[in-house]
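Given next are the chains, with one letter for each unit.
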Amino acid sequence: MTRTIASLFLLAVVGCSGQQGMRSDIPAAGRPLWDRCRPSVDTWCHNRAQGDPTLERECEGNTGHDYGLLADDAARQQFLRAHGCSL
C-alpha cells in the first residue's frame, strides 16, 4: 500500500514538473502569440487525441516545445495557424 502511494506521488510530481517545463520552453518573444492561441491549440490536441487524456497532454507538451524552437514571428504564426488558431 505504501509503495502504491509513493508511486502515485512520484507520478503527480513528474506530471506537474512537465507542465512547468512546457511554459519555460516558450521564449518571451513568442509568448503573446502562444497565449492568444493556446485555446485553439488545446482544442486541436483534444481532437487529435480522440478522447485519450494521455495523448492530449503529450500533444500539448510536444506542441509547446516545438513552438518554442521556432526562430521568428512568421514561423510562429504559420505554426499556430496549422494548429487551429486564426490570427
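Data block above holds the structure.
Residues numbered from 1 in each chain as written. Predicted model: local features only at pLDDT ≥ 70, side-chain atom pairs only at ≥ 80, totals over all residues. Heavy atoms only, no water.

**Student:** Honestly, unusual backbone geometry in this entry has me stumped. Any pointers?
**Tutor:** Glycine aside, the phi torsion of most residues is negative, and most peptide linkages are trans. Look at Gln50: it is not a glycine, yet its phi comes out positive at around 50°. In this fold, Gln50 is placed in the loop between helix H2 (31-49) and helix H3 (53-68). (Helix = DSSP H or I, 4+ residues; strand = E, 2+ residues; numbered from the N terminus.)

**Student:** Looking at this structure, I do not really get the state of the cysteines. What am I missing?
**Tutor:** Disulfides are covalent bonds that connect the sulfur atoms of two cysteines. The tally for this structure, following the rule as stated, stands at 2 disulfides. The side chain of Cys37 participates in a disulfide bridge whose partner is Cys85; the two sulfur atoms lie 2.0 Å from each other. Taking the torsion about the S-S bond as the criterion, the Cys37 to Cys85 disulfide, at about -60°, is left-handed. Here Cys37 is found in helix H2, whereas its partner Cys85 is found in the segment after helix H4 (73-82), with 48 residues between them in sequence. (Disulfide = S-S within 2.5 Å.)

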